[in-house]
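One letter stands for each residue in the lines below.
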Amino acid sequence: MKEEDPLSLERNRADGLMSAGRPAEAVQIYRKLVAGRPDEDSLLLALAWALHDSGETAEAAVCFEQLFRRELSRKLFTGFAYDELVRIYREGKNGEALLSVCERAAAAQPEDIGLLRTLGEACLTAGKADEAVRVFQKLTELEPDAPENWCSFGDGWLAAGEPAQAETAYNKAGEIDRAAETLFFSRLADGLLRAGYPERATAVWERCLAARSDEPFSWMGLGDGLIRLGKPDAAAEAYSRAADLRPLAAGGVWNRLGHCLTKDGLHAHAAAAFAKAIAAEPENPLYSLRLAESYAAQGRDDLAAAALSRAEALKPSPHGR
């Protein structure tokens, strides 16, 4: 009878520990197995996973890096280690390492749409807007009929401080897919507002509403832009239209307005918004609490105390109401 390979027995034991949820113990066995067979990918991969599941993310990344380099050296790029490294570096907010991995993968597979898109996103995360523009432009050349590529191209231009170019790219996306035009322009308007272009953002929201006036999120977006333009009353009117379109969620609509006004230090206007949220959903203690905070920020302590008392009264008792 042929004797079983001792290494196979050890591998089975380590795999069993992993199945039993004991990765830290499995790590020690996998280390010895990898030392004995350093060129065997499956063992290195098993060690990487055991380290990852043990919370040793940095060391797991080292193992995945070794596997990634092997992937790059082969004609057939499987991308498994690449995927894991992207996930690890994204979760760890390690932009420099993420960019390095994406650059090497894209260099090895320069026509791969998925790799290029991830590279472009990594460039944006790393603050390399000009490089992101170059990558996303290549995407539009490889797949000119894909609206998502034009949206990404627009995001790159926006990061590079070129809002007009961003709008041109998004317009192209809208031309390709008219059915999703409002969705694309909503994304553009959000990006313009975050990038500090409230006038342009407001104009885009108005364009969305011209196409579909029954979209509450477009009215709220318009309101957000008007707040940034110093027009809180007009913003409240826009939010009112959104609340009318979503009567069952009107409290949440007014609460969002109040939160946005609070961020801009417009506490009197915020208090009015929170009061409307309470009128729409009188049993929600959060809105009374937010109203109390707005009154307190204005120095209106008596009204703040009353709103706070109402919020406390609405909170469910630990023993039931």
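S.K.: Explanation requested: the overall build of the protein chain in the structure shown.
M.R.: Summing up its helical and strand segments, the protein chain has 18 helices and 0 strands in all. The globule rule puts the C-alpha radius of gyration for 321 residues at 20 Å, and the 27 Å found for the protein chain is more than 25% above it. Taking the intrachain contacts of the protein chain between residues at least 6 apart in sequence as the baseline, contacts between residues at least 24 apart amount to 43%. For the protein chain, the accessible surface area stands at approximately 17000 Å², while carbon and sulfur atoms represent 52% of it.

S.K.: What's the story with the environment of A107 in this structure? I'm lost.
M.R.: Tracing the chain through its elements places A107 in helix α6 (residues 95-108). Along the backbone, A107 and L261 are 154 residues apart, and their C-alpha atoms lie at a distance of 47 Å.

S.K.: How should the environment of L72 be read in this particular structure?
M.R.: Assignment of secondary structure puts L72 in helix α4 (residues 57-72). With a relative accessible area of 25%, L72 lands in the partly exposed category. Apart from the residues lying within four places of it in its own chain, the contact partners of L72 are F77, R104, A105 and A108.

S.K.: Explain the packing of helix α3 (residues 41-53) against helix α5 (residues 80-91) here, please?
M.R.: The relative placement of two packed helices comes down to the angle between their axes together with the axis-to-axis distance. One way to put it is that α3 packs onto α5 with a least axis distance of 12 Å and a crossing angle of 15°. For the element pair α3 / α5, the angle class is roughly parallel. Pair α3 / α5 crosses with left-handed handedness. Only F80, E84, R87 and I88 of α5 make contact with α3, whose side of the interface consists of L45, W49 and H52. Split by residue class, the contact of α3 with α5 holds 4 nonpolar, 1 polar and 2 charged.

S.K.: Got a minute to help me understand the confidence of the model for the protein chain in this structure?
M.R.: Close inspection of predicted coordinates is inappropriate for parts of the model with low pLDDT. Scored by pLDDT, the protein chain comes out at a mean of 93, with 97% of its residues at no less than 70. When pLDDT is averaged over each helix and strand of the protein chain, the minimum, 85, is found for helix α1 (residues 6-19) and the maximum, 98, for helix α14 (residues 232-245).

S.K.: Is there a simple way to explain the layout of surface pockets in this structure?
M.R.: Picture a little ball the size of a water molecule; that probe, rolled over the atoms, points out where space is still empty. Estimates place the volume of the largest pocket at around 170 Å³. Around the largest pocket, the lining residues are L193, R194, D224, I227, R228, C260, K263 and D264. Listed by contribution, the elements that provide at least two residues to the lining of the largest pocket are α11 (181-194), α13 (216-228) and α15 (250-263). Per-element accounting of the lining of the largest pocket gives the leading share, 3 residues, to α13. Considered class by class, the residues forming the lining of the largest pocket number 3 nonpolar, no polar and 5 charged.

S.K.: I would appreciate a short explanation of the state of the cysteines in the present structure.
M.R.: By definition, a disulfide links the sulfur atoms of two cysteine residues through a covalent bond. Tallying each qualifying case throughout the model produces 0 disulfides. C123 provides the cysteine sulfur closest to C102, a residue in no disulfide bond, and the two sulfurs are 8.0 Å apart. Look at C102 and you get buried, because its relative accessible area is 0%. On the basis of relative accessibility, which here comes to 0%, the residue C123 falls in the buried class.

S.K.: Explanation requested: helix α18 (residues 301-314) in the structure shown.
M.R.: Since the α-helix packs 3.6 residues into each turn, any two residues three or four apart lie on the same face. Its 14 residues place the ends of α18 20 Å apart at the C-alpha level, agreeing with the 20 Å of an ideal helix rising 1.5 Å per residue. Listed in full, the buried residues belonging to α18 are A304, A307, A311 and L314. Down the axis, α18 shows its buried residues gathered within 90° of arc, on one side only. Among the exposed residues of α18, those pointing more than 90 degrees away from its buried face are D301, D302 and A313.

S.K.: Looking at this model, I keep getting lost on the side chain of D224. Mind explaining?
M.R.: In this structure, D224 sits in helix α13. We classify D224 as buried; its relative accessible area is 13%.

S.K.: I would appreciate a short explanation of α11 in the present structure.
M.R.: For α11, spanning 14 residues, the distance from its first C-alpha to its last is 20 Å, which sits close to the expected 20 Å at 1.5 Å a residue. Of all 14 residues making up α11, 10 are buried, and the element is well covered by its neighbours. Taken together, the buried positions of α11 are occupied by E181, T182, F184, F185, S186, L188, A189, G191, L192 and L193. Buried residues along α11 sit in contact with α9 (147-159), α10 (163-176), α12 (198-211) and α13. At the C-terminal side of α11, G196 shows a positive phi close to 95°.

Reading the values: the criteria
- Residues numbered from 1 in each chain as written.
- Predicted model: local features only at pLDDT ≥ 70, side-chain atom pairs only at ≥ 80, totals over all residues.
- Heavy atoms only, no water.
- Helix = DSSP H or I, 4+ residues; strand = E, 2+ residues; numbered from the N terminus.
- Rg over C-alpha atoms; globule rule 2.2 N^0.38 Å.
- Contact = heavy atoms within 4.5 Å.
- Areas by Shrake-Rupley, 256 points an atom, 1.4 Å probe, with all protein chains shown as cover.
- Buried < 20%, exposed > 50% of the residue type's maximum accessible area, 1.4 Å probe, protein only.
- Axes fitted to C-alpha atoms, helices over the stretch in contact; angles between N-to-C directions.
- Parallel < 35°, antiparallel > 145°, perpendicular 65-115°, else oblique.
- Left-handed = near helix turned anticlockwise from the far one by under 90°.
- Nonpolar A, V, L, I, M, F, W, Y, C, P; charged D, E, K, R; others polar.
- pLDDT = per-residue confidence, 0-100.
- 1 Å grid on protein atoms, 1.4 Å probe; cavity = no way out; pocket = protein on both sides within 12 Å on 5 of 7 lines; lining within 4 Å.
- Points joined across faces, edges and corners; volume = space filled by probe spheres on them.
- Disulfide = S-S within 2.5 Å.
- Expected span 1.5 Å × (residues − 1).
- Arc of directions from axis to C-beta.

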